[in-house]
Amino acid sequence: MEIRSIKQPIPSDDVGLQSLLSPEHLPSAVEEILATTAFIDIHTHLFSPAFGNLGLWGLDELLTYHYLEAEFFRSSEMSPEHYWQLPKAEQADAIWQALFVENTPVSEATRGVVAVLNAFGLPTRGPDLLEARRFFAAQDLKAHVRHVFKLAGISEVAMTNDPLDPDEAPLWESGAEPDPQFHPVLRLDRILNKWADHWRVLVGKGYAVEEDAGGKTAAEVRRFLADWQARMQPIYMAVSLPDTFQFPEQSVRGRLLAEAVLPSCREFGIPLSLMIGVRYQVNPALRLAGDGVGRADLRAVEHLCTSYPGNRFLISVLSRENQHELCVYARKFSNLMPFGCWWFLNNPSIVEEITRERLEMLGTSFIPQHSDARVLEQVIYKWRNTRRTLAPILANAYRLLAGDGRAVTRIDIRNDITRLFRTNFMG
Ligand code: RAT
Ligand code: ZN
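Please read these numbers as outputs of a predicted model, since none were measured by experiment.

Criteria and thresholds
- Residues numbered from 1 in each chain as written.
- Chains lettered and ligands numbered in written order.
- Predicted model: local features only at pLDDT ≥ 70, side-chain atom pairs only at ≥ 80, totals over all residues.
- Heavy atoms only, no water.
- Helix = DSSP H or I, 4+ residues; strand = E, 2+ residues; numbered from the N terminus.
- Rg over C-alpha atoms; globule rule 2.2 N^0.38 Å.
- Buried < 20%, exposed > 50% of the residue type's maximum accessible area, 1.4 Å probe, protein only.
- Contact = heavy atoms within 4.5 Å.
- Phe/Tyr/Trp six-rings, centres within 6.5 Å; stacked < 30°, edge-to-face > 60°.
- Lys NZ or Arg CZ within 6 Å of the ring centre and 35° of its normal.
- Donors = N, O, S within 2.8 Å, 3.2 Å for Na, K, Ca; no water.
- Axes fitted to C-alpha atoms, helices over the stretch in contact; angles between N-to-C directions.
- Left-handed = near helix turned anticlockwise from the far one by under 90°.
- Nonpolar A, V, L, I, M, F, W, Y, C, P; charged D, E, K, R; others polar.

A. Broad picture of the overall build of the protein. Looking only at helices and strands, one finds 19 helices and nine strands in the protein. The C-alpha atoms of the protein give 22 Å as radius of gyration, which agrees with the globular expectation for 427 residues (22 Å, within 12%). Each principal axis of the C-alpha atoms in the protein carries an extent, and together these give about 65 × 55 × 40 Å. Counting across all 427 residues of the protein, residues that qualify as buried make up 54%. Expressed as a percentage of contacts within the protein between residues at least 6 apart in sequence, the contacts between residues at least 24 apart total 78%.

Below is the structure:
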């Protein structure tokens, strides 16, 4: 994987780094090392500036994040039908009014907006958004990206790039400029989950595929993936999957996974990311905010890891109830890398529970978090919250270890944090 690695030479004669830390110094040492290690954000919906309007940033996008839209309809009389007809700035105003003026923004997603405003020194409780809008309108995007990444403590992010997205594909086809801070990820949702709506698009692009995925379809999808591999140079392939996901399965998805996607990932030497447990469109009136969660049958993961030892799997499960099973499977299969506390799980109480469980069961062999940011500035609050939640968990793990007879040094902590937030992903 072509990821820049931050080499932080550790001076072997530095007494401060090598000395054993006493329990009272652990919290501050962990906090400091978390704050000074640049993380890799392995799953976002952000785009590099070369993708133009596809990349969301700024105040109106922050306020109309679908996590906030779901909360808005609980605190406003406005119907979804009315809301969707409004221009974006008016949607943002309505959300600000309902969730930030008429109510105290204590939820995770609302606090996030407050934290972003605060990071830029903007008012967090004003009756209107004039000053904030003026601030964002004055930013030069490229410089703003660098500033935001610095504030978030990240060196690079993974994008989500679906080659069948009609808005995005033409940009790749005309040669999107690579950006070392934004890594492409080949997203397969349209191919694997919505084949009936998209197989004709492949036919239109010259691939001899069939509706029932018969005939030469698997070979042709492999050819399609190879062409996109060459065009995008993705660092992994990815798909989100329903709570009902089964594998193996007599279905188009089962067949395309087994005969096209898995062999292609092996051929290109890249992992496959599976995000399992979405109940799609439980309330379609809410659009992007209308998906729910369901417990999945992780025997599908067991089968994948057993039957495809030559593939590497990055796996995130959306249901809280699936988290322990995922850790058990990770203990069985070294080609499985659990990652992130995804979407409805990205709240401090649940992140804490899942991270403690993973540390206890897997040591440092997992990836604690990704941001899933859809709007650039969200990485500021999401990574800030991750660091804040993880610091006491890690410090406590080291305190327990010291109690059992082994104190740690700053070098140990730095190695662990680098492994968790960088090298576990680089493979
Ligand atoms: O967290 C989210 O924003 C979800 O809407 C999904 O995008 C999910 O993260 C996904 O990548 O499918
Ligand atoms: Zn996502």
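Now, onward.
B. Here's a closer look at the packing of aromatic side chains. For the coordinates displayed, the defined rule picks out 23 aromatic pairs. Consider the rings of Trp96 and Phe100, whose centres lie 4.7 Å apart with planes at 10 degrees: the pair is stacked. Of this pair, Trp96 and Phe100 are both found in helix α6 (residues 88-101), four residues apart, which corresponds to roughly one turn of the helix. With a relative accessible area of 2%, Trp96 lands in the buried category. Taking 4.8 Å as the distance between ring centres and 20 degrees as the angle between the ring planes, the aromatic pair formed by Trp343 and Phe344 counts as stacked. Counting every residue linked through ring pairs, the aromatic cluster contains Phe72, Phe73, Tyr83 and Trp84. We note Arg231 situated over the ring of Trp228; from NZ or CZ to the ring centre the distance is 4.5 Å. For the cation-ring pair, Arg387 lies above Phe39, with the distance from its terminal atom to the ring centre recorded as 3.8 Å.

C. Seen up close, the coordination of the zinc ion (ligand 2). The zinc ion (ligand 2) binds to the protein through His43 (NE2), His45 (NE2) and Asp372 (OD); the donor distances cover 2.0 to 2.1 Å. By relative accessible area, which is 3% here, His43 ends up buried.

D. Structural detail: helix α4 (residues 66-75). Three or more residues of α4 are buried, namely His66, Tyr67, Leu68, Glu69, Phe72 and Phe73. Its buried side turned inward, α4 meets α3 (59-63), α5 (80-85), α6, α7 (108-119) and α18 (378-403).

E. Molecular detail of the packing of helix α13 (residues 217-232) against helix α14 (residues 252-268). In the contact formed by α13 and α14, the axes pass within 9 Å of each other and the chain directions differ by 35 degrees. Judged by the sense of rotation from one axis to the other, the crossing of α13 with α14 is right-handed. The segment α13 lies against α14, with Thr217, Ala218, Val221, Arg222, Leu225, Ala226 and Gln229 engaging Leu256, Glu259, Ala260, Val261, Pro263, Ser264, Glu267 and Phe268. The class makeup of the residues in the contact of α13 with α14 is nine nonpolar, three polar and three charged.

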